[in-house]
Amino acid sequence: QVQLVESGGGLVQAGGSLRLSCAASGRTSSSYAMGWLRQAPGKEREFVASINWSGGITYYADSVKGRFTISRDNAKNTVYLQMNSLKPEDTAVYYCAADFAPSRFQIPTNKFASWGQGTQVTVSS
């Protein structure tokens with residue numbers, strides 16, 4: 001099964017940008033759809049964005065449309081989440097997950113084929 005490791009989180013001021021990376025490894029890792037989800041303290045996990053295996057289909061939560069961009073580079077076995085115009089409300093632990101259909105990530109309570117350990121994103125006022 002695919003193994004995932006997130007990186008790129010950190011502290012940024014409101015209006016700034018961060019680029020998260022999710023490195024995938026394991027047999028057939030390039031065949032998976034990938035998604036980003038996030039969870040703030042005391043809150044339920046929520047969907048952020050997802051992308052299919054080829055990169056031709058993407059989904060975004062309404063709260064991040066126009067600000068976040070998900071992409072993947074299969075040659076590097078890496079999925080990215082470019083986050084621009086960050087708001088304090090974006091503060092959360094961001095998780096990378098893998099599954100077989102990008103639409104499955106829109107229901108964050110679903111079980112996924114694999115997921116990473118998370119990376120903290122903190123946006124200050």
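Preceding block: the structure.
In this text the structure is predicted, and so the values were computed from the model without any measurement. (Residues numbered from 1 in each chain as written. Predicted model: local features only at pLDDT ≥ 70, side-chain atom pairs only at ≥ 80, totals over all residues. Heavy atoms only, no water.)

1. A word on the overall build of the protein
Condition: Labels follow the DSSP assignment, with helices taken as runs of H or I lasting at least four residues and strands as runs of E lasting at least two, numbered in each case from the N terminus. Computation of the radius of gyration draws on C-alpha atoms alone. For the globule rule, the value is 2.2 Å times the number of residues to the power 0.38. The buried label applies to any residue whose accessible area, calculated with a 1.4 Å probe on protein chains only, is under 20% of its type's maximum; exposed applies above 50%, and partly exposed to all values in between. In this analysis, two residues are considered to be in contact whenever any of their non-hydrogen atoms come within 4.5 Å of each other. Only the protein chains shown count as covering a residue, and every accessible area follows the Shrake-Rupley method with a 1.4 Å probe.
A tally of regular secondary structure across the protein gives 0 helices and 11 strands. Scanning the protein from its N terminus toward the C terminus, one meets helices and strands in the order β-β-β-β-β-β-β-β-β-β-β. The C-alpha radius of gyration of the protein comes to 13 Å, within 12% of the 14 Å expected for a compact globule of 125 residues. Each principal axis of the C-alpha distribution contributes one length, and for the protein these read about 40 × 30 × 25 Å. Residues counted as buried form 42% of the 125 residues belonging to the protein. Across the protein, contacts joining residues at least 24 apart in sequence account for 58% of those joining residues at least 6 apart. Surface summary for the protein: the accessible area is close to 6400 Å², and the carbon and sulfur share equals 49%.

2. Quick look at the nonpolar core
Applicable threshold: Within this scheme, the nonpolar core is defined by two criteria: the residues are buried Ala, Val, Leu, Ile, Met, Phe, Trp, Tyr or Cys, and they are joined through side-chain atoms within 4.5 Å.
Counting residues in hydrophobic clusters, the biggest one holds 33 residues, and the most contacted among them are Met 34, Trp 36, Leu 81, Met 83 and Tyr 94. Per-element accounting of this core gives the leading share, 5 residues, to strand E9 (residues 92–99). Beyond its immediate chain neighbours, meaning those up to four positions away, Met 34 contacts Leu 4, Cys 22, Ala 49, Ser 50, Ile 51, Ile 70, Arg 72, Val 79, Cys 96, Ala 97, Ala 98 and Phe 105.

3. Quick notes on the side chain of Arg 67
Put simply, the rule is: Two N or O atoms count as a polar contact when they lie within 3.5 Å, although within protein this holds only if one can serve as hydrogen donor and the other as acceptor, and sequence-adjacent residues are included solely when both atoms are side-chain atoms.
When you line up the elements, Arg 67 lands in the loop between strand E6 (58–60) and strand E7 (68–73). For Arg 67, a relative accessible area of 10% gives the class buried. Among the polar contacts made by the side chain of Arg 67, one reaches the side chain of Asp 90 at a distance of 2.8 Å. Aside from chain neighbours lying at most four places away, what touches Arg 67 is Gln 82, Met 83, Asn 84, Ser 85, Leu 86, Lys 87 and Asp 90.

4. Quick notes on the environment of Ser 125
Along the chain, Ser 125 turns up in the segment after strand E11 (119–124). Residue Ser 125 is classed as exposed on the basis of its relative accessible area, which comes to 82%. For the pair formed by Ser 125 and Ile 70, sequence separation is 55 residues and the distance between their alpha carbons is 25 Å.

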